[in-house]
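So the chains spell out like this:
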Amino acid sequence: MDQPRDREALVPEAEQGTLRVLRAAVEAGAERIVLTSSIVAMMYRAGRPAVTRVGEGDWTDPEWPPISAYVVSKTRAELAAWSFMVGHGARGRLVVVNPGFVLGPLLDRVSGTSVDAVRLLLTGKYPALPPTAYPVVDVRDVAALHVAAMTAPLGGRRLLAAGETISFRDMALTLREAFPERATRIPLRTLPGFAVRLVAVFDPAVR
């Protein structure tokens with residue numbers, strides 16, 4: 001959840017790591033390469049309406065100042081991947097999966113940011129919720145999509161892995177029902193956007 005203040009700080013590793021794998025796969029003659037990107041590489045740009053329909057032709061503007069270092073790195077890494085494959089005449093051998101807010105069973109004690117956000121709700125770390133909603137997807141569906149993308153006739157495509165868009169308040173209501181013993185800890189009050197932005201100045205996790 002903690003983001004570096006330098007928006008470009010994560011880009012070198014993200015780009016170089018992606019390109020190393022692609023280079024090795026192309027040189028080895030791989031018929032299909034499936035890359036995991038993120039929906040965040042599709043949805044952030046200036047002038048975007050509050051409610052937005054996102055498709056595979058949409059791209060985040062990595063130069064847009066409000067976005068985080070994570071969003072910048074995911075966008076630049078995917079752009080670099082497509083550029084590399086096009087430059088090697090191999091665009092049709094790449095499929096990119098762009099998951100939304102990934103939730104589901106953990107393999108071990110290490111969790112990602114999406115699960116950490118749910119943990120914050122369960123533990124009542126914050127007394128109120130941000131006025132935001134995310135397109136949620138089960139990690140098992142994301143895994144199945146990756147496997148299917150290895151052989152499906154989808155070369156050169158970006159696959160959006162996302163189901164219903166769910167607000168933090170809806171998540172909180174679901175968690176209260178699933179964990180009644182924790183219900184009093186799980187907040188339901190939603191803060192206005194300006195208040196969240198104010199808190200975000202001082203709290204990296206909120207930011």
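Above this text is the structure in question.
Here the structure is a predicted model, which means the values were calculated and not measured. (Residues numbered from 1 in each chain as written. Predicted model: local features only at pLDDT ≥ 70, side-chain atom pairs only at ≥ 80, totals over all residues. Heavy atoms only, no water.)

J.: Requested: an account of a nonpolar patch on the surface, with residues and values cited.
T.: Side chains of L198, V201 and F202 sit close together on the surface and give an oily, nonpolar patch of about 360 Å² of accessible area. Summarising the element assignment, V201 is placed in the segment after α6 (193-200). The exposure class assigned to V201 is exposed, which follows from its relative accessible area of 51%. (Patch = residues over 30% accessible without salt bridge, like charges linked within 9 Å, V, L, I, M, F, W, Y side chains within 5 Å. Areas by Shrake-Rupley, 256 points an atom, 1.4 Å probe, with all protein chains shown as cover. Salt bridge = Lys/Arg side-chain N within 4 Å of Asp/Glu carboxyl O. Helix = DSSP H or I, 4+ residues; strand = E, 2+ residues; numbered from the N terminus. Buried < 20%, exposed > 50% of the residue type's maximum accessible area, 1.4 Å probe, protein only.)

J.: Which residues make up the pattern of salt bridges, and what are the values?
T.: Inspection of every chain in the model, using the stated rule, returns six salt bridges. Between E8 and R76 there is a salt bridge, with the nearest N and O atoms lying 3.1 Å from each other. Here E8, found in the segment before α1 (11-27), pairs with R76, found in helix α2 (residues 69-87); they are 68 residues apart in sequence, far enough to count as distant. The salt bridge involving D138 is made with R140; its shortest N-O contact spans 2.7 Å. For D138, a relative accessible area of 23% puts it in the partly exposed group. When salt bridges that share partners are traced, they join E8, E63 and R76 into one network.

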